[in-house]
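This is what each chain is made of:
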Amino acid sequence: QVQLVESGGGLVQAGGSLRLSCAASGSIVSINSMAWYRVPPGKQRELIANLISGRSPNYADCVKGRFTISRENVKDMVYLQMNGLKPEDTAVYFCAAEAVSRPSMTADYYWGQGTQVTVSS
C-alpha cells in the first residue's frame, strides 16, 4: 500500500504563487510516475502535469509555462510550483502516483486526499 499526502494549498491573489507538495509513503518498491490533477468547482477532474520516470514532464495547455512539476526521488516526493495563478486555477488539487508496493508487487495507481487552492481576483 502507498499513501499520498498533499500540502501547500491555500488562498492566493491572482498573479501569485503557491507550491504544492506530495509525500508518498508505505511499502514502496518503486514509483513509476507521479502526477497532479485538479477538480475545479462544478467541473470534471483534469490532468495538469505528470512526470514519468526517465522522461520529460508533460503539462496541460492551460498551465504550460506557469506550472512546474518536479520530483525528489530520495524522499519520494513530488512538487507543483504554480506561478502566475489565475482565478480559473481555483480547484482541489490531487497528487497521484503509479507505484509498485509490497506485498502485491504490482503497479497500482494511488491518490492523495486533495488540497484546496483558491485564487482570488
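A brief report on the enclosed structure follows. (Residues numbered from 1 in each chain as written. Predicted model: local features only at pLDDT ≥ 70, side-chain atom pairs only at ≥ 80, totals over all residues. Heavy atoms only, no water.)

## What to know about the pattern of salt bridges
- Applying the stated rule across the entire model yields five salt bridges.
- R38 is paired through a salt bridge with E46; the nearest N and O atoms lie 2.6 Å apart.
- Here K75 ties to E72 by a salt bridge, and the two come within 3.8 Å at their closest N and O atoms.
- On the basis of relative accessibility, which here comes to 52%, the residue K75 falls in the exposed class.
- Looking at E72, the relative accessible area reads 28%, which means it is partly exposed.
- One network of salt bridges, in which partners are shared, links R38, E46, R66 and D89. (Salt bridge = Lys/Arg side-chain N within 4 Å of Asp/Glu carboxyl O. Buried < 20%, exposed > 50% of the residue type's maximum accessible area, 1.4 Å probe, protein only.)

## Points about the pairing of strand β8 (residues 77–82)
- The element β8 is largely enclosed, with a buried count of five among its six residues.
- Bridge analysis of strand β7 (residues 67–72) against β8 gives six bridges, and the strand direction is antiparallel. Opposite I69, over in β8, you have L80 as the bridge partner.
- Hairpin geometry of β7 and β8 is characterised by an intervening segment of four residues between the two adjacent antiparallel strands and by a positive phi of about 50° at D76. (Helix = DSSP H or I, 4+ residues; strand = E, 2+ residues; numbered from the N terminus. Pairing = 2+ DSSP bridges.)

Functional significance is not addressed by these values, which are geometric in nature.
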